[in-house]
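# Report on the structure
The chain contents come next:
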Amino acid sequence: MAGIFARIAAGEIPSYKCAENDKFYAFLDINPLVKGHTLVIPRREVDYIFDLDDDELAQMAVFAKRVARAIKAAFPCRKVGMAVLGLEVAHAHIHLVPMQTERDMNFANPKLSLPDAEMADIAARIREKFESEK
């Protein structure tokens, strides 16, 4: 049985989609550190990001860069931070977090709990910026 992130990318589990292509999928973290906190995953189920082959890892980084630009355009911030943790879900993923200060990237911070309508609006704003940059 596929893991939760593979099922999200396949559309079997609902998500707040921010961006996608044939190899990668980006969606909002349901327990965000800040508004706009997005996860980028390969569609192919791989547990550890450094088990991706070199080309796939490079393509994932370029895809994440496009998503980060869309996040920054949708949610003006100083920078979009990138973190790879990978212990909580057995599927390679990158966290992209809009930052005003480095404290915004502290994963020990309390997580936000946003209403469904607001999450949908955040994802739509990022998706619009991502698609307009093609």
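Look above for the structure.
Positions within a chain are numbered from 1, following the residues in the order the chain's sequence is written. Restriction of local features to residues with pLDDT of at least 70 applies here, the model being predicted, together with a cutoff of 80 or more for giving and counting side-chain atom pairs; totals for whole chains, interfaces and linings are based on all residues. For the side-chain quantities, the full set of heavy atoms in the structure was used; hydrogens and water were omitted.

## So, helix α2 (residues 54–74)
Its 21 residues place the ends of α2 30 Å apart at the C-alpha level, agreeing with the 30 Å of an ideal helix rising 1.5 Å per residue. Burial classification: accessible surface area is computed with a 1.4 Å probe over protein chains only, and a residue below 20% of its type maximum counts as buried, one above 50% as exposed, and the rest as partly exposed. Going along the chain from the N terminus, every DSSP run of H or I of four or more residues is numbered as a helix, and every run of E of two or more is numbered as a strand. Turning to α2, its buried residues are E56, M60, F63, A64, V67, A68, A70, I71 and A74. Burial along α2 is one-sided: seen end-on, the buried residues are contained in an arc of 160°. Away from its buried face, by an angle of more than 90 degrees, α2 presents the exposed residues D54, D55 and V62. Turning to α2, the residues buried within the fold contact β1 (17–20), β2 (24–28), β3 (38–42), β4 (79–83), β5 (94–99) and α3 (116–132). With a side-chain oxygen lying 3.2 Å from the backbone nitrogen of D55, the N-terminal cap of α2 falls on D53. Given the number of residues in a helix, its expected span is that number minus one, multiplied by 1.5 Å. Here, the arc refers to the directions that run from the helix axis to the C-beta atoms. When checking whether two residues touch, look at their non-hydrogen atoms; a contact exists if any pair is within 4.5 Å. Pairing of N or O atoms within 3.5 Å defines a polar contact, subject to two protein rules: one partner must be a possible hydrogen donor and the other a possible acceptor, and residues neighboring in sequence count only if both atoms are side-chain atoms.

## Some details on the layout of surface pockets
Here a cavity is any set of points on a 1 Å grid over the protein atoms alone where a 1.4 Å probe fits but cannot get out, and a pocket is any open set with protein on both sides within 12 Å along at least 5 of 7 lines; a residue lines the site when it has an atom within 4 Å of a point. Grid points are joined across faces, edges and corners, and a volume is the space filled by probe spheres set on the points. Space inside the largest pocket adds up to approximately 310 Å³. Lining the largest pocket are 18 residues, and of these F5, D29, I30, N31 and L39 sit closest to its centre. Looking at the lining of the largest pocket, the elements that each hand over two or more residues are α1 (4–9) and β2. Ranked by residue count, the leading element in the lining of the largest pocket is α1, at 3 residues. All amino acids are sorted into three groups, where Ala, Val, Leu, Ile, Met, Phe, Trp, Tyr, Cys and Pro are nonpolar, Asp, Glu, Lys and Arg are charged, and the leftover types, Gly among them, are polar. For the lining of the largest pocket, the class distribution of residues is 10 nonpolar, 5 polar and 3 charged.

## Section: the pattern of salt bridges
Salt bridges, as used here, are contacts in which a Lys or Arg side-chain nitrogen is within 4 Å of a carboxyl oxygen on Asp or Glu. Scanning the model with the defined rule gives 7 salt bridges in all. Measuring nitrogen to oxygen at the nearest pair gives 3.5 Å for the salt bridge that ties E12 to R7. Residue classification places E12 among the exposed positions, given a relative accessible area of 54%. A salt bridge links K17 to E20, with the shortest nitrogen-to-oxygen separation between them at 2.7 Å. When its relative accessible area of 35% is taken as the criterion, E20 is described as partly exposed.

## Quick word on α3
The end-to-end C-alpha distance of α3, which contains 17 residues, comes to 24 Å, matching closely the 24 Å that a straight helix rising 1.5 Å per residue would cover. Those residues of α3 lying buried are M119, I122, A123, I126 and F130. The arc enclosing the buried residues of α3, seen along the axis, measures out at 95°, which places them on a common side. Away from its buried face by more than 90 degrees, α3 exposes A117, E128 and S132. Buried residues along α3 sit against β1, β2, β3 and α2.

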